[in-house]
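Architecture at a glance
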Amino acid sequence: MAIQKVGVVGCGLMGSGIAQVCAQAGCTVVVREVSQELVDKGLKSIEKNLQRLVEKGTFTEADRGAARGRLSGTVTLDALKDCDLIIEAIIEQLPAKKELWSALEKLCPKTTIFASNTSSISITEMATVTARPDRFLGLHFFNPVPVMKLVEVIRTIATDPAVFEEIVEFAKRLGKTPVRTSDRTGFIVNRLLVPYLLDAVRALEEGVGSIEDIDNSMKLGCGHPMGPLTLLDFVGLDTTHYIANVMFDEFKERRFASPPLLKRMVLAGWNGRKAGRGFYDYADPKNPKPMQLT
Ligand code: 3HC
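Conventions used here
- All residue numbers here refer to positions counted from 1 along the written sequence of the relevant chain.
- It should be noted that, the model being predicted, local features are given only for residues of pLDDT at least 70 and side-chain atom pairs only at 80 or more, the latter also being counted only at that level, while totals for whole chains, interfaces and linings use all residues.
- Remark: hydrogens and water are excluded; side-chain values derive from all non-hydrogen atoms of the structure.
- For each residue, the test is whether any non-hydrogen atom lies within 4 Å of the molecule or strand; if one does, the residue is near.
- Here a polar contact is taken to be a pair of N or O atoms separated by no more than 3.5 Å, where protein atoms must pair a possible hydrogen donor with a possible acceptor and residues adjacent in sequence count only if both atoms sit in side chains.
- The protein chains shown are the only cover counted for residues, whose accessible areas, like all others here, come from Shrake-Rupley with a 1.4 Å probe.
- Strands here are runs of E lasting at least two residues and helices are runs of H or I lasting at least four, both read from the DSSP assignment and numbered beginning at the N terminus.
- When residues are grouped by polarity, Ala, Val, Leu, Ile, Met, Phe, Trp, Tyr, Cys and Pro land in nonpolar, Asp, Glu, Lys and Arg in charged, and all others, Gly among them, in polar.
- The source of the domain bounds is an automatic or database domain assignment.
- By salt bridge we mean one thing: a side-chain nitrogen of Lys or Arg within 4 Å of a carboxyl oxygen of Asp or Glu.
- Note on classification: 1.4 Å probe, protein chains only; a residue is buried when its accessible area is under 20% of the maximum for its type, exposed when over 50%, partly exposed between these limits.
- We call two strands paired when DSSP finds no fewer than two bridges between them.
- Classification remark: right-handed applies to a crossover when, strands pointing away from the viewer, the course from the first strand over the helix to the second runs clockwise.

Time to look at the site of the ligand. Neighbouring the ligand are 18 residues; Lys56, Ser119, His140, Asn143 and Asn190 lie closest to it. Separating an oxygen atom of the ligand from a side-chain N or O atom of Lys56 is a distance of 2.8 Å. One of the side-chain nitrogen or oxygen atoms of Asn190 is found 3.1 Å away from an oxygen atom of the ligand. Protein chains shield 60% of the accessible area of the ligand, which is 1000 Å² for the free molecule. Looking at the shell around the ligand, the elements that each hand over two or more residues are helix 2 (36–56), helix 7 (189–205) and helix 9 (228–235). Across the shell around the ligand, the residue classes break down as 11 nonpolar, five polar and two charged. When we break the shell around the ligand down by domain, the ones giving at least three residues each are domain 1 (5–182) and domain 2 (191–290).

Here it is as structure tokens:
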């Protein structure tokens with residue numbers, strides 16, 4: 001039976017985007033946050049994005065209303081108990097994720113599929129707290145979710161191949177291009193992206209070029225939509241540092257080691273766009289200015 005009702009846990013940047021694309025694809029979506037304030041904030045950002053689609057002519061007013069009508073917010077996990085699929089997009093901390101999956105295991109019927117949007121935590125390890133490792137997998141979206149076409153679908157050695165293919169088809173229903181991968185830290189994208197981003201920081205540390213010149217080189221020389229230091233600010237320096245540490249821990253290879261400058265910027269709280277500064281100063285968000293870091 002096709003997936004009709006989707007539960008999304010976490011309504012931050014990723015969770016709200018995931019909830020939006022599921023509702024746009026015709027699913028009934030219940031999104032859960034830990035407080036009503038966070039539920040309201042997440043739903044407001046979805047409403048803004050849906051409105052933007054109407055203004056651009058991608059969506060009719062009726063489409064917008066229908067997608068919004070399929071979405072509801074909650075602060076309880078109980079409201080997710082009759083979902084066909086639950087997608088988790090909470091904080092990247094294993095204990096928090098284990099606690100959540102263990103609670104959902106008790107609430108949901110055996111048929112519900114569990115998927116995590118984690119970018120680096122082992123899917124296999126999360127599945128150990130449930131009795132359904134065969135119906136547990138990774139579904140990794142990219143920021144901004146409504147725009148980025150890719151979804152990584154991640155199987156563990158225990159994932160049922162039929163469930164895996166069902167989720168590959170579901171990703172297509174969302175208008176995304178799914179890629180199949182397995183539960184190895186970083187999957188495909190971060191395995192390749194993280195060493196590249198870390199190398200850009202090393203290039204800056206070593207005086208190879210200025211912030212703007214490093215960014216312009218990759219934008220104009222390789223056709224990337226954003227230079228690596230702008231992308232680091234966009235993804236979050238703390239997030240990238242965290243993923244790099246998990247990958248270094250797994251592979252023990254220098255290419256995954258977080259460079260000293262990145263570590264110090266994270267310690268200083270200069271985490272990028274969301275913090276108002278990172279490699280750039282966002283005092284005027286439309287006109288970011290490179291920071292003096294070296
Ligand atoms: N939500 C919804 N839509 C958005 C958006 C958002 N947050 N930001 C931009 N958009 C839409 C705009 O409305 C616009 O739509 P249109 O073309 O239909 O008019 C389109 O995206 C392009 O936006 P802009 O013209 O404002 O700006 P850009 O052309 O510079 O595009 C960008 C912005 C799409 C973010 C582009 O710069 C880009 O692709 N950057 C790279 C992003 C990337 O690499 N993401 C992956 C990060 S890695 C990750 O997420 C994995 C994790 O594990 C770390």
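Turning to the pattern of salt bridges, a few remarks are in order. As enumerated under the stated definition, the model contains 14 salt bridges in all. For the salt bridge of Glu88 with Lys97, the shortest nitrogen-to-oxygen distance reads 2.4 Å. In terms of burial, Glu88 and Lys97 fall into one category: buried. In this structure, the salt-bridge partner of Asp249 is Lys252, at a minimum N-O distance of 3.7 Å. A relative accessible area of 53% places Asp249 in the exposed class. Salt bridges sharing partners connect three or more residues here, namely Glu88, Glu92 and Lys97.

The two faces of strand 4 (residues 85–88) match: Leu85 and Ile87 on one face and Ile86 and Glu88 on the other face are all buried. When strand 1 (residues 5–9) meets strand 4, the two strands line up parallel, connected through four bridges. Directly across from Gly7, in strand 4, lies its bridge partner Ile86. In the sheet, strand 4 pairs with strand 5 (residues 113–116) via four bridges, with the strands oriented parallel. From the neighbouring strand, Glu88 faces strand 5, where its bridge partner is Ser116. In this fold, the crossover linking strand 4 to strand 5 by way of helix 4 (residues 94–107) has right-handed handedness.

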